[in-house]
Amino acid sequence: MGILELLAVAVGLSMDAFAVSICKGLSVSKVNGKHMLTVGLYFGGFQALMPYLGYCLGSSFSELVSEVDHWIAFGLLSLIGINMIRESRSPAEELDASFSFKAMLPLAVATSIDALAVGVSFAFMEVNIYPSIAVIGVTTLALSAIGVKAGNLFGAKNKSLSELIGGIVLIAIGLKILLQDLGLF
């Protein structure tokens, strides 16, 4: 996987976190650097941790499924993308204005579950995991911090669009992996 594809995956994965960050920005009257850093560290940290865990899990059985690994990667990325597109069409949920551990941990886990599945697909593609999780984590940290500020400034109208774009990007990458492995791209 090239750097541009990795950046596209990182941006696609970070869209859930970005969307929730926009909502967190809406939940407070005045955003400060601490709010942005807190959200960025939680979301970026979990977006880096989950693909690593998925990679470890996928590596343990990647040899068993090497003949269909491209189909698995395509299926996982497509399911995540379709779910993100579906979520972009649903009404926004009210978020707690708290930035405490108790408020942030469930959000960080919920927005990074899809990254676990991407980590499994990384094992099948034999991706160098450490630089990959660094790019994913830093990208999510930055976009989440920006999302908090943007949400506070511009409102919730960007949430649905970010989830929609993220879903489309992940489906496109899954399709590219499939087509490359089948020799059609």
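For the structure itself, look to the data block above.
The structure presented is a predicted model; accordingly, all values stated were derived computationally and were not measured.

Peer 1: Would you mind showing me how to read the packing of aromatic side chains here?
Peer 2: How two aromatic rings sit relative to each other is given by the distance of their centres and the angle of their planes. Applying the stated criterion across every chain, the model contains 3 aromatic pairs. Relative to Phe74, the ring of Trp71 lies with its centre 6.3 Å away and its plane at 85 degrees, an arrangement referred to as edge-to-face. Note that Trp71 and Phe74 are positioned in helix α3 (residues 69-88) at a spacing of 3 residues, about one turn of the helix. Using a relative accessible area of 45% as the deciding quantity, one classes Trp71 as partly exposed. You can call Phe74 partly exposed: its relative accessible area is 22%. Positioned above the aromatic ring of Phe99 is the side chain of Lys24, whose terminal nitrogen or guanidinium carbon lies 4.7 Å from the ring centre.

Peer 1: Looking at this structure, I do not really get the packing of helix α1 (residues 3-26) against helix α4 (residues 101-125). What am I missing?
Peer 2: Working note: a packed helix pair is described by the angle between its axes plus the distance between those axes. Their axes nearest at 10 Å, the elements α1 and α4 cross at an angle of 165 degrees. Accordingly, the angle class assigned to the pair α1 and α4 is roughly antiparallel. Helix-helix and strand crossings are classified by hand; for α1 and α4 the assignment is right-handed. Contacts between α1 and α4 involve Leu6, Val9, Leu13, Asp16, Ala17, Val20 and Lys24 on the former and, on the latter, Met104, Leu107, Thr111, Asp114, Ala115, Val118 and Phe122. Within the contact of α1 with α4, the residues separate by chemical class into 10 nonpolar, 1 polar and 3 charged.

Peer 1: Got a minute to help me understand the packing of helix α2 (residues 33-59) against α4 in this structure?
Peer 2: The contact between α2 and α4 brings their axes to 6 Å, and the two run at 35 degrees. As α2 packs across α4, the resulting crossing turns out to be right-handed. Taken together, the residues that form the contact of α2 with α4 break down as 22 nonpolar, 8 polar and 1 charged.

Peer 1: Help me understand the nonpolar core, please; the structure alone is not making it clear to me.
Peer 2: One recurring pattern in soluble globular proteins: nonpolar side chains tend to sit buried together. Of all hydrophobic cores here, the largest spans 26 residues; its most connected members are Val9, Leu13, Val118 and Phe122. Listed by contribution, the elements that provide at least two residues to this core are α1, α2, α3, α4, α5 (129-154) and α6 (157-181). Counting residues per element, this core draws most heavily on α1, which supplies 7 residues. Filtering out sequence-adjacent residues up to four positions away, Val118 remains in contact with Val9, Leu13, Leu77 and Ile80. Counting residues in each nonpolar core, the second largest holds 13 residues, with Ala17, Val20, Tyr42 and Phe99 among its members.

Here is what the cut-offs are and how they apply
Residues numbered from 1 in each chain as written. Predicted model: local features only at pLDDT ≥ 70, side-chain atom pairs only at ≥ 80, totals over all residues. Heavy atoms only, no water. Phe/Tyr/Trp six-rings, centres within 6.5 Å; stacked < 30°, edge-to-face > 60°. Helix = DSSP H or I, 4+ residues; strand = E, 2+ residues; numbered from the N terminus. Buried < 20%, exposed > 50% of the residue type's maximum accessible area, 1.4 Å probe, protein only. Lys NZ or Arg CZ within 6 Å of the ring centre and 35° of its normal. Axes fitted to C-alpha atoms, helices over the stretch in contact; angles between N-to-C directions. Parallel < 35°, antiparallel > 145°, perpendicular 65-115°, else oblique. Left-handed = near helix turned anticlockwise from the far one by under 90°. Contact = heavy atoms within 4.5 Å. Nonpolar A, V, L, I, M, F, W, Y, C, P; charged D, E, K, R; others polar. Core = buried A, V, L, I, M, F, W, Y, C linked by side-chain atoms within 4.5 Å.

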